[in-house]
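Geometric and topological summary
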Amino acid sequence: DAKTTQPPSMDCAEGRAANLPCNHSTISGNEYVYWYRQIHSQGPQYIIHGLKNNETNEMASLIITEDRKSSTLILPHATLRDTAVYYCIVRAHNAGNNRKLIWGLGTSLAVNP
Amino acid sequence: DAMVIQNPRYQVTQFGKPVTLSCSQTLNHNVMYWYQQKSSQAPKLLFHYYDKDFNNEADTPDNFQSRRPNTSFCFLDIRSPGLGDAAMYLCATSRDLRLAGTSYEQYFGPGTRLTVT
């Protein structure tokens, strides 16, 4: 079972910031938070990941709370092409032979013109 | 610059007729995965290869098999497709996870949408 909970859907106006929350209250100390997104009829795409510090790349920013029990993915200026399902996943890096990512149902983000 | 390529993008097969889906990668990654994704559901891992080491998920039906003849290619064989096997099939790759600092970033292909008639 997925160790994360996300709202099933969200709306955002084009050009505004999209803030997607994720709860992972049972996260372990060695588990990272990963975000992927899946645009309709395409394969999932990696966005960003982090352990405890906030992270930023060309796609998004990841804000992780100090207790690491929740995080927020921020798309600073959402465009129509950001309409997708966003998945939050937690995973340890030193998982031996278990390379499985546990996918939840994600958040369906609709960016509106 | 396609990195993970899946062919065909759309496949129609008849009930019970064997079908093979293909995946190739230009990333030289050690690990290749096959996922099944049904409508409005999350991807479900079927199995993965670590080099030539095959790792099957416990709940993957025997009807699903896989082959990896070399680093670049991986095939998904469905021996006797049923109507319930209609889905999007996703291939993904990742780096050698035993290397220090390697992340769980997986690179996905565009998927093959399988229809069973």
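Before reading further, recall that the structure is shown in the block above.
Given the structure is predicted, the values throughout are model-derived calculations rather than measurements.

A few words now on the sheet that holds strand E8 (residues 73-78) of chain B. Residue and element names in this part refer to chain B. An order of E1-E3-E8-E7 is seen for the 4 strands of this open sheet, with the pairing classed as antiparallel. Every interior strand has two partners, whereas the edge strands, strand E1 (4-7) and strand E7 (64-67), have only one. Each strand axis lies, on average, 20° off the axis of its neighbour in the sheet, ignoring direction. Sheet topology places strand E3 (residues 19-25) next to E8; 6 bridges connect them, and they run antiparallel. Bridged to Cys 23 within E8 is Cys 74.

This paragraph deals with the packing of aromatic side chains. Applying the stated rule across the entire model yields 13 aromatic pairs over all chains. Members of the aromatic cluster, joined through ring pairs, are Tyr 34, Tyr 36, Tyr 46, Tyr 87 and Trp 103 of chain A together with Tyr 33, Tyr 35 and Phe 108 of chain B.

With 22 residues of chain A in contact, the opposing surface of chain B contributes 26 residues. Across the interface of chain A and chain B, roughly 1,800 Å² is buried in total on both sides, 56% from carbon and sulfur atoms. Taken together, the connections running from chain A to chain B amount to 0 salt bridges. Taken together, the links from chain A to chain B amount to 3 residue pairs in polar contact (both at pLDDT 80 or more). Where the side of chain A that touches chain B is concerned, the elements lending two or more residues are strand E3 (31-38), strand E4 (45-50) and strand E8 (84-92) of chain A.

About the cut-offs
Residues numbered from 1 in each chain as written. Chains lettered and ligands numbered in written order. Predicted model: local features only at pLDDT ≥ 70, side-chain atom pairs only at ≥ 80, totals over all residues. Heavy atoms only, no water. Pairing = 2+ DSSP bridges. Helix = DSSP H or I, 4+ residues; strand = E, 2+ residues; numbered from the N terminus. Axes fitted to C-alpha atoms, helices over the stretch in contact; angles between N-to-C directions. Phe/Tyr/Trp six-rings, centres within 6.5 Å; stacked < 30°, edge-to-face > 60°. Contact = heavy atoms within 4.5 Å. Buried area = accessible area lost by both parts, 1.4 Å probe. Salt bridge = Lys/Arg side-chain N within 4 Å of Asp/Glu carboxyl O. Polar contact = N/O pair within 3.5 Å; in protein donor to acceptor, adjacent residues only side chain to side chain.

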